[in-house]
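# Chain and residue survey
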Amino acid sequence: MARSFVKEARKRVGPKRLRIRPIIERLAAAHPDATIALRSRSDLELLVAVMLSAQTTDVNVNRVTEKLFQKYHRPEDYLAVPQEELERDIFATGFFRQKAKSLRGTMKMLIEEYDGRVPRQLEELVRLPGVARKTANVVAAELGTPQGVVVDTHVRRLSQRLGLTRQEDPVKIERDLIRLVPREDWGRFPHLLIWHGRRVCIARMPLCHECAVNDLCPSSRV
Ligand code: SF4
């Protein structure tokens, strides 16, 4: 019964290849302010903010980086203080020991191999200590060279609800989205889903009656 209901719903909204563009356009119109919530003023600050954002909220990271970025400007600055001092400075973002270690390892590699600059290629970014694929994807996209689609908890939930993937694993979800989402939208697409997920398609209580894509969504309750 449940399965035939899902099948019916998928049939009603049509194939995802035909829905993806209107979904992107409508979400872009509904959330014109959908950009990264982490604050940064340079490539280096962006990289640090994204690294600190693991397992915590963007609001929390912004609170910490407001002071941090007044003190640390160049990669060398992160190595010029004892590790314990850096740990104290990023303490409120959680997992501060591991994050301080990753930051220092990353700064060392930036200085030794990249002339102190943040690389733009995904394969270079993932070489930096403590920089996982998701972090690298976010940084590359923000630097204007998206090479994948960022999959966080909102992107995962909304992609599933919108019938864009049947996968559970973020790597497989990303593979589906890369095939489906036009390349020029790889950067903005995750932001659109993240903001729609925060404001409308909320995890426990999706507001389907207010949703700009409810006629394109097989999970719509309207
Ligand atoms: S119709 Fe409902 S389930 Fe589908 S995307 Fe909109 S809020 Fe989410």
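Heads up: these notes are all about the structure in this document.

## What about the layout of surface pockets?
Taken as a whole, the largest pocket encloses approximately 830 Å³ of empty space. Val50, Ser53, Ala54, Asp58 and Lys134 are, among the 34 residues lining the largest pocket, the residues nearest its centre. At the level of elements, helix 3 (43–52), helix 7 (96–114), helix 9 (133–142), helix 10 (153–161) and helix 12 (188–199) are the ones that each hand at least two residues to the lining of the largest pocket. The residue makeup of the lining of the largest pocket, split by class, is 15 nonpolar, 13 polar and 6 charged.

## What to know about the packing of helix 3 against helix 9
Two elements in contact, helix 3 and helix 9, have axes whose closest approach is 10 Å; the angle formed by their N-to-C orientations is 150°. Judged by the inter-axis angle, helix 3 sits roughly antiparallel to helix 9. With respect to the hand of their crossing, helix 3 and helix 9 are arranged in right-handed fashion. Facing Leu46, Leu47, Val50 and Met51 of helix 3, the residues of helix 9 in contact are Thr135, Val138, Val139 and Glu142. Residues of the contact of helix 3 with helix 9, tallied by class, amount to 6 nonpolar, 1 polar and 1 charged.

## Brief notes about the packing of aromatic side chains
Taken as a whole, this structure holds 2 aromatic pairs when the rule is applied. On the numbers, 4.8 Å between centres and 55° between planes, the contact of Phe91 with Phe96 is tilted. The ring of Trp195 carries the charged tip of Arg198 above its face, separated from the ring centre by 4.8 Å.

## Describing the pattern of salt bridges
All told, the structure shown has 18 salt bridges when counted by the stated rule. For the salt bridge of Asp43 with Arg120, the shortest nitrogen-to-oxygen distance reads 3.1 Å. Of this pair, Asp43 sits in helix 3 while Arg120 is found in the loop between helix 7 and helix 8 (122–125), placing the two residues 77 residues apart along the sequence. In this structure Asp43 comes out as partly exposed when scored by relative accessible area, which is 30%. The class for Arg120 is partly exposed, based on a relative accessible area of 36%. We note a salt bridge from Glu168 to Arg156, for which the minimum N-O separation is 3.0 Å. Taken together, the positions of Glu168 in the loop between helix 10 and helix 11 (170–180) and Arg156 in helix 10 put the pair 12 residues apart, joining distant regions of the chain. Each of Glu25, Asp185 and Arg188 takes part in one network of salt bridges that share partners.

Here is what the cut-offs are and how they apply
- Numbering of residues begins from 1 in every chain and follows the order in which that chain's sequence is written.
- At least 70 in pLDDT is required for a residue's local features to be given in this predicted model, at least 80 for side-chain atom pairs to be given and counted, and no such filter applies to totals for whole chains, interfaces and linings, which use all residues.
- Side-chain descriptors were evaluated using all non-hydrogen atoms of the structure, hydrogens and water having been removed beforehand.
- The method works on a 1 Å grid over the protein atoms by themselves. A cavity is a set of points holding a 1.4 Å probe that cannot get out, a pocket is an open set with protein on both sides within 12 Å along at least five of seven lines, and residues with an atom within 4 Å of a point line them.
- Grid points are joined across faces, edges and corners, and a volume is the space filled by probe spheres set on the points.
- Working definition: helices are DSSP H or I runs of at least four residues, strands are E runs of at least two. Numbering for both runs from the N terminus.
- When residues are grouped by polarity, Ala, Val, Leu, Ile, Met, Phe, Trp, Tyr, Cys and Pro land in nonpolar, Asp, Glu, Lys and Arg in charged, and all others, Gly among them, in polar.
- To obtain an axis, a line is fitted to C-alpha atoms, over the contacting stretch when the element is a helix, and the angle between two such axes runs from 0 to 180 degrees between their N-to-C directions.
- Orientation categories follow fixed angle ranges, with anything under 35 degrees roughly parallel, anything over 145 roughly antiparallel, 65 to 115 roughly perpendicular, and all other angles oblique.
- Definitions for this section: a left-handed crossing has its near helix turned counterclockwise from the far helix by less than a right angle. A right-handed crossing has that turn clockwise.
- We call two residues in contact whenever any of their non-hydrogen atoms come within 4.5 Å of each other.
- Two rings from Phe, Tyr or Trp (for Trp, the six-membered ring) form a pair when their centres sit within 6.5 Å of each other. Planes less than 30 degrees apart are called stacked, planes more than 60 degrees apart edge-to-face, and all others tilted.
- For a ring to carry a charge above it, either NZ of a lysine or CZ of an arginine must fall within 6 Å of the ring centroid while also lying within 35 degrees of the normal to the ring plane.
- For this document, the term salt bridge refers to a Lys or Arg side-chain nitrogen within 4 Å of an Asp or Glu carboxyl oxygen.
- Burial classes follow relative accessibility: with a 1.4 Å probe on protein chains only, a residue under 20% of its type's maximum area counts as buried, one over 50% as exposed, and anything between as partly exposed.

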